[in-house]
Amino acid sequence: MNILDKDFASISVDNENSLIEITWHRQTTEDEFKEAYILGLETALKEKLRFLLSDNSRGINLVLAQQHWVAAYGANIVQSLKLERYARVVPQDAFQEVVSYKMFDCVSRIDHGQMQFRVFYSRESALNWLLTD
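Residues numbered from 1 in each chain as written. Predicted model: local features only at pLDDT ≥ 70, side-chain atom pairs only at ≥ 80, totals over all residues. Heavy atoms only, no water.

**Describing helix α2 (residues 64–78)**
Short version of the rule: Numbering of helices and strands runs from the N terminus; a helix is a DSSP stretch of H or I covering at least four residues, while a strand is a stretch of E covering at least two. Every helix has an expected span of 1.5 Å times one less than the residues it contains. Exposed residues in this analysis have more than 50% of their type's maximum accessible area, buried residues have under 20%, and partly exposed residues fall in between, with area computed by a 1.4 Å probe over protein chains only.
Over its 15 residues, α2 runs 20 Å from end to end, which matches the ideal 21 Å to within 8%, given 1.5 Å per residue. Within the span of α2, buried status applies to Gln-66, Gln-67, Val-70, Ala-71, Tyr-73, Gly-74, Ala-75, Ile-77 and Val-78.

Okay, here's the thing in structure tokens:
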């Protein structure tokens, strides 16, 4: 089920697999990023989804202020989420990988639950990890 389909991002939910997938299509404005990010996490919360795939293979970058916003917003909502695994697909770029882990670390300091996080270079590898026990 598609819940967002815009030129900057799309979000789909696969209830059968308890999966939400956010795909970033191009560099976003601050408002566009917030729209998709909030909708994605609020949908994961409402639907009690267990798996999140964020496909950033296009390599969108967040300025420092956006990174702080993500950390603050994520820290507030992550405690209520049922997410068990979060996979992020990035281009083969060390900077993207480091920033991904840094952002997850900022959010996870608040919630020491069981959510696992990994960075991948392909959507297929990420899905395999998310949906395989």
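**Observations regarding the sheet that holds strand β1 (residues 2–5)**
Basically, it comes down to this: A strand pair is defined by DSSP finding two or more bridges across the two strands. Orientation is described by axes fitted as lines to C-alpha atoms, over the contacting stretch for helices, and by angles from 0 to 180 degrees between their N-to-C directions. By definition in these notes, contact holds between two residues if any of their heavy atoms fall within 4.5 Å.
A sheet is described by the order of its strands in space; here six strands give the open sequence β1-β2-β3-β4-β5-β6, paired in mixed fashion. Edge positions in the sheet fall to β1 and β6 (116–120), since each has one partner strand and no second. Sheet twist, expressed as the mean angle between neighbouring strand axes with direction ignored, is 10 degrees. The pairing of strand β2 (residues 9–14) with strand β3 (residues 19–24) spans six bridges and is antiparallel. Residue pairing in the sheet places Ala-9 in a bridge with Trp-24 of β3. Strands β1, β2, β3 and β4 (51–55) of the sheet are contacted by helix α1 (residues 30–47), whose axis makes an angle of about 175 degrees with β3. Lying on the sheet, helix α4 (residues 123–131) is in contact with β3, β4, β5 (85–89) and β6; it crosses β5 at an angle near 175 degrees.

**Concerning the pattern of salt bridges**
For clarity, the threshold we go by: The salt bridge criterion pairs a side-chain nitrogen of Lys or Arg with a carboxyl oxygen of Asp or Glu, the two atoms within 4 Å.
All chains considered together, the criterion is met by six salt bridges. Between Glu-21 and Arg-123 there is a salt bridge, with the nearest N and O atoms lying 2.7 Å from each other. Taken together, the positions of Glu-21 in strand β3 and Arg-123 in helix α4 put the pair 102 residues apart, joining distant regions of the chain. For the salt bridge of Arg-50 with Glu-84, the shortest nitrogen-to-oxygen distance reads 2.8 Å. Of this pair, Arg-50 sits in the loop between α1 and β4 while Glu-84 sits in the loop between α2 and β5, placing them 34 residues apart in sequence. Glu-84 gets classed as partly exposed once you look at its relative accessible area, which sits at 35%.

**Brief notes about the nonpolar core**
When a protein is soluble and globular, its nonpolar side chains tend to lie buried together. Filter applied, for reference: The definition of a nonpolar core used throughout is a set of buried Ala, Val, Leu, Ile, Met, Phe, Trp, Tyr and Cys residues joined through side-chain atoms within 4.5 Å.
Ile-20, Trp-24, Ala-36, Leu-41, Leu-52 and Leu-81 are the most contacted members of the largest nonpolar core, which has 27 residues in total. The set of elements that each furnish at least two residues to this core consists of β2, β3, α1, α2 and β6. At five residues, α1 tops the list of elements feeding residues into this core. In terms of nonpolar packing, the next biggest core, distinct from the first, is built from 10 residues, Phe-120, Leu-127, Trp-129 and Leu-130 among them.

**A closer look at the packing of α1 against α2**
The criterion, for reference: Geometric relationships in this document are graded by angle, where less than 35 degrees denotes roughly parallel, more than 145 denotes roughly antiparallel, 65 to 115 denotes roughly perpendicular, and other angles denote oblique. Note on convention: the crossing is left-handed when the near helix lies turned anticlockwise from the far helix by less than a right angle, right-handed when the turn is clockwise. Residues are grouped as follows: Ala, Val, Leu, Ile, Met, Phe, Trp, Tyr, Cys and Pro are nonpolar; Asp, Glu, Lys and Arg are charged; all remaining types, including Gly, are polar.
One way to put it is that α1 packs onto α2 with a least axis distance of 12 Å and a crossing angle of 15 degrees. With respect to their mutual orientation, α1 and α2 come out roughly parallel. As for the relative orientation of α1 and α2, their crossing is right-handed in sense. In this structure, α1 contributes Glu-30, Phe-33, Lys-34, Tyr-37, Ile-38, Leu-41, Glu-42 and Leu-45 to the contact, and α2 contributes Gln-66, Trp-69, Val-70, Tyr-73, Gly-74 and Ile-77. When its residues are assigned to classes, the contact of α1 with α2 shows nine nonpolar, two polar and three charged.

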